[in-house]
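# Structure assessment
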Amino acid sequence: MRSDWPFGDAQHVATITSRQIIEGDDWIYYVGHDDDDGAWQFHGEGGPCEEADAVVVSLRSVVERDPTIRSLADLPLGWCAWRESPDSEWLRAPRQR
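To start, this report covers the structure provided alongside it. (Residues numbered from 1 in each chain as written. Predicted model: local features only at pLDDT ≥ 70, side-chain atom pairs only at ≥ 80, totals over all residues. Heavy atoms only, no water.)

### Quick look at the overall build of the protein chain
Looking only at helices and strands, the protein chain has two helices and six strands in total. Mapped from its N terminus to its C terminus, the protein chain presents α and β elements in the order β-α-β-β-β-α-β-β. At 12 Å, the protein chain has a C-alpha radius of gyration in line with the 13 Å of a compact globule built from 97 residues. C-alpha extents for the protein chain along the principal axes are approximately 35 × 30 × 30 Å. The buried share among the 97 residues of the protein chain stands at 38%. Put simply, 59% of the contacts in the protein chain that link residues at least 6 apart link residues at least 24 apart. (Helix = DSSP H or I, 4+ residues; strand = E, 2+ residues; numbered from the N terminus. Rg over C-alpha atoms; globule rule 2.2 N^0.38 Å. Buried < 20%, exposed > 50% of the residue type's maximum accessible area, 1.4 Å probe, protein only. Contact = heavy atoms within 4.5 Å.)

### So, the environment of Gly47
Of note, Gly47 is situated in the loop between β3 (40-43) and β4 (54-58). By relative accessible area, Gly47 is classed as partly exposed at 25%.

### Quick word on the environment of Asp35
Examined against the element boundaries, Asp35 turns out to sit in the loop between β2 (30-33) and β3. Between the alpha carbons of Asp35 and Trp79 there is a distance of 7.7 Å; along the sequence they are 44 residues apart.

Put into structure tokens, the structure is as follows:
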């Protein structure tokens with residue numbers, strides 16, 4: 001693992017996102033860090049994707065697609081982050097149930 005990797009999770013840990021984000025047709029609007037299993041989720045502006053568009057990719061591949069995700073490495077379990085545009089600052093809050 002590279003020494004400049006900011007996450008407590010390994011680079012190859014599986015995350016959930018959409019095909020549209022990975023293919024560059026959408027941007028990451030929302031990030032969730034699940035409190036039950038520590039999973040990371042990355043959603044586009046339209047919210048969670050349809051099951052047919054969901055993909056499992058490495059955390060590293062998401063960070064490579066959008067390096068601003070590095071600033072969320074310390075996002076606590078059970079929290080989320082969102083932004084209004086790809087150039088906006090990330091906002092954070094505990095996830096509402």
